[in-house]
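Listed below are the residues making up each chain.
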Amino acid sequence: MKVGILYVYSDKNLGDYAIVKTRINLLKESEIYLFSTYNRFQKKFINHSLKFRESGFNIYPNIFGELGLDNKSKIIKNLSKIIHFLWLIPYYIFLRIIIFFKIKSLPFLKKLDNIDEFYFKGGSIFESNGSISQSVSLVRCFLLLSLINKLGKPIYFDPQSFGPFKSRSSSLIFKKIAIIPKLIFCRERISYRYLQIFFKLKNIKLKPDIVFDYKTTIKIKNQYEDAIGLTLVASNLNRGIYMSNIKKLIIFYTNILKISKVKIIRQVDMNDFDDSEEKIETSIIKDKDLCELKFEIVKNLNSLDDAFKVYNSLNFLIGSRLHSTIFSSLCYKPFINIEYQGFKSRGTYELLGLSERVFKIDTLDNIFKKNHTKSLVKLLSSDDLLKSIKSNVKFHS
């Protein structure tokens with residue numbers, strides 16, 4: 001069977017890479033074709049899929065993917081996005097017409113028609129913030145999925161989070177998208193109930209994040225390197241409060257574990273296009289209150305097994321990135337997850353009975369202000385991980 005995986009983002013983001021690799025592994029003997037998030041004129045189409053190419057996978061550009069050109073000039077970049085989007089609408093209509101007349105000789109349609117079924121990786125595209133750009137992204141997504149649907153190919157949405165859609169336009173567009181897939185997997189109950197109540201969907205099923213199904217080849221051992229791990233995020237969080245509490249967590253856990261080594265793991269290594277997280281790393285390393293600690297930056301991880309070796313070596317993880325904490329949990333290494341985007345972290349771990357490991361940054365701020373750190377000390381035990389991960393993932397699958 002020939003299977004296409006849509007919206008492959010970047011293999012420099014270990015979470016996204018793990019999602020796609022796990023799906024590939026679960027498909028076993030199928031012939032896999034990957035469709036990028038990027039169009040062919042963007043450098044990221046080449047630079048952010050090297051691991052997949054080196055593994056021998058076919059990866060195709062997506063004309064309905066990210067808009068525009070890579071250009072240092074914001075004016076040229078934004079203008080190219082507008083032209084690209086305005087061109088997409090008539091091109092989509094043209095493709096619909098020739099599909100109606102059963103003409104499928106165009107290269108892009110030929111590629112789609114050659115595939116038996118599709119899996120949509122998704123991602124933050126369905127965690128709408130109500131912006132115009134988010135609505136445009138949903139429109140692009142709809143155009144591609146409706147073409148595949150017209151070709152008569154089944155589509156499945158891999159486990160992800162949905163909503164809440166903060167504008168009427170994004171909600172209406174998603175309503176059109178949601179009736180296309182044969183099955184939509186929600187990775188937490190919040191999304192599941194949201195789609196049930198507000199969109200009246202029947203084609204939905206609850207399933208943990210797909211990365212919980214990843215089978216690493218390394219041997220998980222109960223051994224440590226006397227180091228805590230740290231994954232960071234440059235997000236819309238209040239940067240001052242975020243940095244302050246990251247620093248407090250580092251001091252708290254290195255003191256209580258009597259450890260002086262901190263591994264900063266670049267779970268997302270996209271500094272060729274955005275160096276904001278690298279600046280956060282530098283700020284932490286140079287902080288005068290952390291000067292007695294030894295920092296190591298772990299980057300350029302070539303495989304998921306290399307990543308699992310790092311997480312397996314830790315005593316504890318302070319994780320801002322959801323999938324970094326999933327890696328840690330699969331190694332049965334204790335962690336704290338800082339929720340920075342919507343409810344996806346809280347919902348993901350609530351499904352597994354591990355929601356006590358997820359903290360909003362404001363909650364952490366209050367914990368340190370009031371010196372109520374018992375809830376943080378509890379997280380040093382891995383007993384809840386040993387009980388929950390295997391049994392719950394299997395139960396919900």
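What comes next concerns the included structure. (Residues numbered from 1 in each chain as written. Predicted model: local features only at pLDDT ≥ 70, side-chain atom pairs only at ≥ 80, totals over all residues. Heavy atoms only, no water.)

1. Here's the deal with the overall build of the protein chain
Right, on to step 1. What the protein chain contains, in helices and strands, is 16 helices and 13 strands.
Right, on to step 2. Whereas a compact globule of 397 residues would reach a radius of gyration of roughly 21 Å, the protein chain reaches 22 Å, a difference of no more than 12%.
Right, on to step 3. Each of the three principal axes of the protein chain carries a C-alpha extent, and together these read 70 × 50 × 40 Å.
Right, on to step 4. Relative to its 397 residues, the protein chain shows a buried fraction of 56%.
Right, on to step 5. For the protein chain, restricting intrachain contacts to residue pairs at least 6 apart in sequence, the fraction spanning at least 24 positions comes to 73%. (Helix = DSSP H or I, 4+ residues; strand = E, 2+ residues; numbered from the N terminus. Rg over C-alpha atoms; globule rule 2.2 N^0.38 Å. Buried < 20%, exposed > 50% of the residue type's maximum accessible area, 1.4 Å probe, protein only. Contact = heavy atoms within 4.5 Å.)

2. Side note on a nonpolar patch on the surface
Right, on to step 1. A cluster of nonpolar side chains, namely I89, I93, I97, F100, F101 and I103, defines an oily patch on the protein surface of about 610 Å² accessible area.
Right, on to step 2. Looking at where I103 falls in the secondary structure, it is placed in the loop between α4 (74–100) and α5 (107–113).
Right, on to step 3. On the basis of relative accessible area, I103 is assigned to the partly exposed category, the value being 41%. (Patch = residues over 30% accessible without salt bridge, like charges linked within 9 Å, V, L, I, M, F, W, Y side chains within 5 Å. Areas by Shrake-Rupley, 256 points an atom, 1.4 Å probe, with all protein chains shown as cover. Salt bridge = Lys/Arg side-chain N within 4 Å of Asp/Glu carboxyl O.)

3. A short note on unusual backbone geometry
Right, on to step 1. With an omega of -5°, the peptide bond running from G163 to P164 counts as cis.
Right, on to step 2. Tracing the backbone shows P164 in the loop between β5 (155–160) and α7 (168–178).
Right, on to step 3. A positive phi angle is found at K200, which is not glycine, with a value near 55°.
Right, on to step 4. With respect to the secondary-structure elements, K200 resides in the loop between α8 (189–199) and β7 (204–206).
Right, on to step 5. Looking at K200, the relative accessible area reads 62%, which means it is exposed.

4. With respect to the side chain of D70
Right, on to step 1. Its location among the elements puts D70 in the loop between β3 (58–60) and α4.
Right, on to step 2. Separated by 2.4 Å, the side chain of D70 and the backbone nitrogen of K43 make a polar contact. (Polar contact = N/O pair within 3.5 Å; in protein donor to acceptor, adjacent residues only side chain to side chain.)

5. Observations regarding the packing of aromatic side chains
Right, on to step 1. All told, the structure shown has 31 aromatic pairs when counted by the stated rule.
Right, on to step 2. Pairing Y9 with Y38 gives two aromatic rings, centres 6.1 Å apart and planes at 40°, and the pair type is tilted. Here Y9 is found in the loop between β1 (2–8) and α1 (14–27), whereas its partner Y38 is found in the loop between β2 (31–36) and α2 (43–47), with 29 residues between them in sequence.
Right, on to step 3. Centre to centre, the rings of F212 and Y349 are 6.4 Å apart; their planes meet at 90°, and the pair counts as edge-to-face. Placement of F212 in the loop between β7 and β8 (228–231) and of Y349 in helix α13 (residues 344–350) is noted, with a sequence separation of 137 residues between them. A single burial state applies to F212 and to Y349, both of which are buried. (Phe/Tyr/Trp six-rings, centres within 6.5 Å; stacked < 30°, edge-to-face > 60°.)

That's the geometry; what it means functionally is another story.
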